[in-house]
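In case you want the letters, here they are:
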Amino acid sequence: MNFQINQIATEDLTVCMKRTIIKLGIITDIMSYIGDDVIVDILDKNVWRELLTTSDLMILEELYASARMVQQKHYGNKIYARGLIEFTNYCKNDCYYCGIRRSNRDACRYRLTEEQILSCCDSGYKIGFRTFVLQGGEDGYFTDDRICDLVYSIKTKYPDCAITLSVGEKSRESYQKYYDAGADRYLLRHETANPEHYRLLHPQEMSCENRKRCLWDLKEIGYQVGAGIMVGSPGQTIDHMIEDLKFMKELEADMVGIGPFLPHHATPFANEAAGTVDRTVRLLAITRLLLPEVLLPATTALGTLDPLGREKGILAGANVVMPNLSPENVRENYLLYDNKLCTGSEAADGLRMLDEMMRKIGYEISLERGDRSGREVRVWH
Ligand code: SAM
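Residues numbered from 1 in each chain as written. Predicted model: local features only at pLDDT ≥ 70, side-chain atom pairs only at ≥ 80, totals over all residues. Heavy atoms only, no water.

## Some points on the packing of helix 4 (residues 114–127) against helix 5 (residues 144–157)
In a pair of packed helices, the angle between the axes and the distance between the axes together describe the arrangement.
Part 1: Their axes nearest at 11 Å, the elements helix 4 and helix 5 cross at an angle of 30°. Relative to helix 5, the element helix 4 is oriented roughly parallel. The handedness of the crossing between helix 4 and helix 5 is right-handed. Residues Glu 114, Ile 117, Leu 118, Cys 121 and Asp 122 of helix 4 lie in contact with helix 5, whose contacting residues are Asp 149, Leu 150, Ser 153, Ile 154 and Lys 157.
Part 2: Split by residue class, the contact of helix 4 with helix 5 holds five nonpolar, one polar and four charged. (Axes fitted to C-alpha atoms, helices over the stretch in contact; angles between N-to-C directions. Helix = DSSP H or I, 4+ residues; strand = E, 2+ residues; numbered from the N terminus. Parallel < 35°, antiparallel > 145°, perpendicular 65-115°, else oblique. Left-handed = near helix turned anticlockwise from the far one by under 90°. Contact = heavy atoms within 4.5 Å. Nonpolar A, V, L, I, M, F, W, Y, C, P; charged D, E, K, R; others polar.)

## So, the packing of aromatic side chains
Part 1: On inspection of all chains with the given rule, the structure shows 12 aromatic pairs.
Part 2: Taken together, a centroid distance of 5.1 Å and an interplanar angle of 85° make the contact between Tyr 141 and Phe 142 edge-to-face.
Part 3: Given a relative accessible area of 36%, Tyr 141 falls into the partly exposed group.
Part 4: A network of ring pairs unites the aromatic residues Tyr 175, Tyr 178, Tyr 179, Tyr 186 and Tyr 223 as a single cluster.
Part 5: The ring of Tyr 90 carries the charged tip of Arg 111 above its face, separated from the ring centre by 4.1 Å.
Part 6: Note that Lys 212 overlies the ring of Phe 247, its terminal NZ or CZ placed 5.4 Å from the centroid. (Phe/Tyr/Trp six-rings, centres within 6.5 Å; stacked < 30°, edge-to-face > 60°. Buried < 20%, exposed > 50% of the residue type's maximum accessible area, 1.4 Å probe, protein only. Lys NZ or Arg CZ within 6 Å of the ring centre and 35° of its normal.)

## Quick look at helix 2 (residues 45–53)
Owing to its 3.6 residues per turn, the α-helix aligns residues three or four sequence positions apart on the same side.
Part 1: Here helix 2 has its buried residues at Val 47, Trp 48, Leu 51 and Leu 52. Looking straight down helix 2, one finds that the buried residues subtend no more than 130° of arc, so they occupy a single side. (Arc of directions from axis to C-beta.)

## Here we look at the sheet that holds strand 5 (residues 83–88)
Part 1: The parallel open sheet is built from six strands, whose spatial order is 5-6-7-8-9-10. In this open sheet, the two strands that pair with only one neighbour each are strand 5 and strand 10 (255–260). For this sheet, the mean inter-axis angle between neighbouring strands, taken without regard to orientation, is 20°.
Part 2: Here two bridges tie strand 7 (residues 162–166) to strand 8 (residues 185–187), and the two strands are oriented parallel to one another. Within strand 8, the residue paired with Thr 164 across the bridge is Arg 185.
Part 3: Helix-sheet contacts for helix 8 (residues 208–221) involve strand 8 and strand 9 (224–231), and the interaxial angle to strand 9 is about 155°.
Part 4: Where helix 10 (residues 277–290) meets the sheet, it contacts strand 9 and strand 10, and its direction lies at approximately 165° from that of strand 10. (Pairing = 2+ DSSP bridges.)

The following block contains the structure:
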């Protein structure tokens with residue numbers, strides 16, 4: 001058996017979704033042969049376990065090469081940049097891992113006004129951004145009416161832009177209102193698909209069941225939906241990650257946010273170990289093979305953990321970056337974890353730097369809307 005880079009490019013990738021051919025260097029009972037090729041069923045949980053745990057570098061190289069081929073088949077060498085606006089760090093929740101949890105009395109709280117948020121969009125639009133991601137804690141000040149007003153104002157001014165909301169768990173009715181006001185996409189990491197693990201990470205009043213309910217509601221309403229996890233969150237096992245992959249596949253997530261858990265000094269998890277780059281990029285690559293057209297960010301947390309983290313993420317199949325459009329003076333207060341990568345530079349400068357980073361590894365930044373390949377997109381009037 002030889003070790004050439006695999007033959008995926010010549011395959012029909014919709015078939016590859018079910019059966020990804022990876023020429024692997026070892027023979028185990030999870031593999032079978034067609035001629036010289038080792039056939040791996042990417043929907044097989046034993047394969048995920050093998051890929052998450054193997055120490056065989058040849059296998060990992062093949063995994064990343066396969067993920068890149070699938071990513072390039074659908075998106076070429078484009079890396080979509082989304083303009084991220086972190087518009088409030090007030091939060092009613094008390095998640096044990098999060099630096100903006102309500103019990104953190106040291107957090108320097110802020111919320112942007114509607115004018116400030118629109119001004120972030122204005123400057124982002126001028127630079128060329130065509131997706132705005134509005135993310136925040138679950139802040140009671142932002143009632144449904146306020147969120148709808150905001151979304152509607154942005155959408156009316158920039159009908160050619162996609163709006164992504166990431167404002168946590170709401171009722172189905174609220175999600176419907178935001179959608180009707182013009183929101184296109186919704187990011188809500190499920191954090192973990194396993195209820196016991198979920199309980200380790202969250203206080204009693206939150207539940208895995210409700211988190212998943214939100215995602216299914218969002219999907220049914222018509223949003224492009226993003227789920228995801230923190231890699232290496234306290235108590236996480238390989239079995240949990242396998243459950244996460246299964247859940248994201250069942251959901252047919254349009255977007256998946258996978259970044260390392262990083263401790264924050266003022267949380268119950270202050271002394272817990274951070275997740276690793278290695279585990280994160282393996283999960284990114286498996287996710288790319290499992291959901292070939294998924295929009296997959298190389299996260300800020302990955303860039304925080306390793307100066308080359310985002311590049312490593314892209315080379316494992318990620319295809320999105322989310323530079324910060326928030327006003328510079330609030331960026332350091334949206335501190336979910338310690339030492340958050342925070343360039344403090346103007347959005348345009350940040351974008352130029354990102355483009356240089358991407359070019360060095362053979363990719364380029366694209367500012368277009370960048371909807372999930374193959375997905376029908378709602379026309380906004
Ligand atoms: N409130 C919204 C929600 O619940 O989805 C959006 C804000 S929330 C802070 C965004 C994401 O940050 C969470 O889904 C979580 O995965 C991530 N996050 C929070 N604390 C983190 C930490 N210590 N390390 C890495 N990621 C973290």
